Amino acid sequence: SELTDDEILQTVPVLRNDNPQMFWISNQYSYTVTPGKTSVQLFSWIAPEEAEQMREELWTAVGNILDGMNQEADVFNQELYLYRSLAESCEFDNAAAENTAYWKAYTAYGAICGGDVVCEGYSRGMQLLLSCVGIPCRLVDGTAGGDRHMWNLVLLDGEWYHLDAAWSDYEVAPGYEYFN
């Protein structure tokens, strides 16, 4: 069916926000509307071969993190383990915050595969890790101190909690001020 401009503007970000494992998809897209049909063309930051290699790296890194987790732990301790693992695998990158050309810094790949990231990378990394163990997690896109910012909402035992791995990871050891 035909989608309106507003529906397309809402659909593409939802696709990206609900699928942090699709890190290679850029923010740019185009679309055409013909009678009874809407076609949306997504664009990639990288070539398909490179995306496949990076996708394999991501899932290997995720597997390594999950292999170290106590599968019998309750959801809170699983979340805590994944949070600590993410904090150990990446660092906040002020340069990337000023320049979106550092696209990996905004992705789950950048966070989980040991890169320098911004708040969006931390959030997408947490979202991916938590989804792998069945803990519901959503992205929150807002502002903090007048600047754009992203963090997570995490559902634990029927209650939603705010989790900001980026702000908690500014210290040498992971901080917990913004953890749930």
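Residues numbered from 1 in each chain as written. Predicted model: local features only at pLDDT ≥ 70, side-chain atom pairs only at ≥ 80, totals over all residues. Heavy atoms only, no water.

1. As for the sheet that holds strand β7 (residues 159-163)
Part 1 of the argument: Taking strand neighbours across the sheet as the criterion, the three strands line up as β5-β6-β7 in an open arrangement whose pairing is antiparallel. For this open sheet the edge positions go to β5 (137-144) and β7, each flanked by a neighbour on one side alone. Ignoring which end each strand starts from, the neighbouring axes of this sheet average 30° apart.
Part 2 of the argument: With five bridges connecting them, strand β6 (residues 147-156) and β7 associate as antiparallel partners. Looking at β7, one finds that Leu 155 is bridged to Trp 160.
Part 3 of the argument: Set on the sheet, helix α3 (residues 75-89) makes contact with β6 and β7; between it and β6 the angle comes to about 150°. (Pairing = 2+ DSSP bridges. Helix = DSSP H or I, 4+ residues; strand = E, 2+ residues; numbered from the N terminus. Axes fitted to C-alpha atoms, helices over the stretch in contact; angles between N-to-C directions. Contact = heavy atoms within 4.5 Å.)

2. Side note on the environment of Leu 58
Part 1 of the argument: In this structure, Leu 58 sits in helix α2 (residues 48-67).
Part 2 of the argument: Excluding residues within four positions of it along the chain, Leu 58 makes contact with Gln 21, Phe 23, Ala 108, Tyr 109, Ile 112, Cys 113 and Leu 128.

3. Here we look at a nonpolar patch on the surface
Part 1 of the argument: Taken together, the side chains of Leu 15, Tyr 31, Val 33, Val 40 and Leu 42 make up a nonpolar region of the molecular surface, amounting to roughly 350 Å² of accessible area.
Part 2 of the argument: Counting only elements with at least two residues in the nonpolar patch, the list comes to β1 (25-34) and β2 (37-44).
Part 3 of the argument: Tracing the backbone through its elements, the reader meets Val 40 in strand β2.
Part 4 of the argument: By relative accessible area, which is 37% here, Val 40 ends up partly exposed. (Patch = residues over 30% accessible without salt bridge, like charges linked within 9 Å, V, L, I, M, F, W, Y side chains within 5 Å. Areas by Shrake-Rupley, 256 points an atom, 1.4 Å probe, with all protein chains shown as cover. Salt bridge = Lys/Arg side-chain N within 4 Å of Asp/Glu carboxyl O. Buried < 20%, exposed > 50% of the residue type's maximum accessible area, 1.4 Å probe, protein only.)

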